[in-house]
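# Fold and geometry: a report
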Amino acid sequence: MNYPSITLWSDSSFFSPYVMSVYVALTEKGIPFSLKRIDLSRNQQLAAEYRELSLTCRVPTLQVDNFFLSESSAITEYLEERFPAPEFERLYPRDREKRARAREMQAWLRSDFMWIRQERPTEVLFAGERFPPLTPTAQQSVDKLVAAVQRLLLEGQQNLFGEWSIADTDLAVMLNRLVLHGDNLPVQLQHYAEFQWQRASVQLWLAESGKNR
């Protein structure tokens, strides 16, 4: 098969959960791609060269031949359409309503939970760092997230919608900010997050992150 030329731009430390989401999506699709790094600490994302590539001046940015796209959930939806099943693996559920729910979860995880992200940053996920106990405000966010996930995740179910979707990886990132830190979560959610973290595509990303520490 003749694949297009694909490049994924990442933060240089490989700490971005949004780059991780796209990396996992590309890996699940089985599409060859190359990685390039942008040093956010030196504001390389604001340099003129990168501005020409990324409309938002952020990572990830995906290049497919001469097409450039930023924002991770937009990229994963594009990849699902550009490389559709059954020729390529699915990133979203087959069922229409479940697909909508997966996109709802992706959008929510990106637009909410600021306090969890601040108090359990990605250094927890990719560098094993430790931080003070959660503040009451952050704990409220945790409680809201837990209540929602418990509504979706049926007893004994390993994925949110029966079959794996990219929303499972995105949710596992948020939950593992807490699980890997040793914060208190229901056992069902701990097991879910741990199971998702063992997926081969996720482990490949963790290996990339480890190489760049």
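Attention in this report is confined to the structure presented alongside it. These numbers come from a predicted model, not from an experiment.

## Quick notes on the pairing of strand β1 (residues 6-11)
Where a strand is regular, its side chains alternate between the two sheet faces. Here β1 lies mainly inside the structure; six of its six residues are buried. Two elements, β1 and strand β3 (residues 61-64), share four bridges in a ladder whose sense is antiparallel. Residue pairing for β3: W9 is matched across the bridge by T61. The pairing of β1 with strand β2 (residues 34-38) spans five bridges and is classified as parallel. Each bridged residue has a counterpart across the sheet, and for D11 the counterpart in β2 is I38. Following the backbone out of β1, through helix α1 (residues 17-29) and into the adjacent parallel β2, one traces a crossover that is right-handed.

## Description of empty space enclosed by the protein
Scanning the entire structure with this criterion turns up one cavity of 30 Å³ or more. One number sums up the size of the largest cavity: a volume of about 110 Å³. Of the residues forming the lining of the largest cavity, the biggest block, four residues, is contributed by helix α8 (residues 166-179). Class assignment for the residues of the lining of the largest cavity results in five nonpolar, one polar and four charged.

Reading the values: the criteria
Residues numbered from 1 in each chain as written. Predicted model: local features only at pLDDT ≥ 70, side-chain atom pairs only at ≥ 80, totals over all residues. Heavy atoms only, no water. Buried < 20%, exposed > 50% of the residue type's maximum accessible area, 1.4 Å probe, protein only. Helix = DSSP H or I, 4+ residues; strand = E, 2+ residues; numbered from the N terminus. Pairing = 2+ DSSP bridges. Right-handed = clockwise from strand over helix to strand, strands pointing away. 1 Å grid on protein atoms, 1.4 Å probe; cavity = no way out; pocket = protein on both sides within 12 Å on 5 of 7 lines; lining within 4 Å. Points joined across faces, edges and corners; volume = space filled by probe spheres on them. Nonpolar A, V, L, I, M, F, W, Y, C, P; charged D, E, K, R; others polar.

Read these as layout, nothing more, since geometry by itself doesn't imply function.
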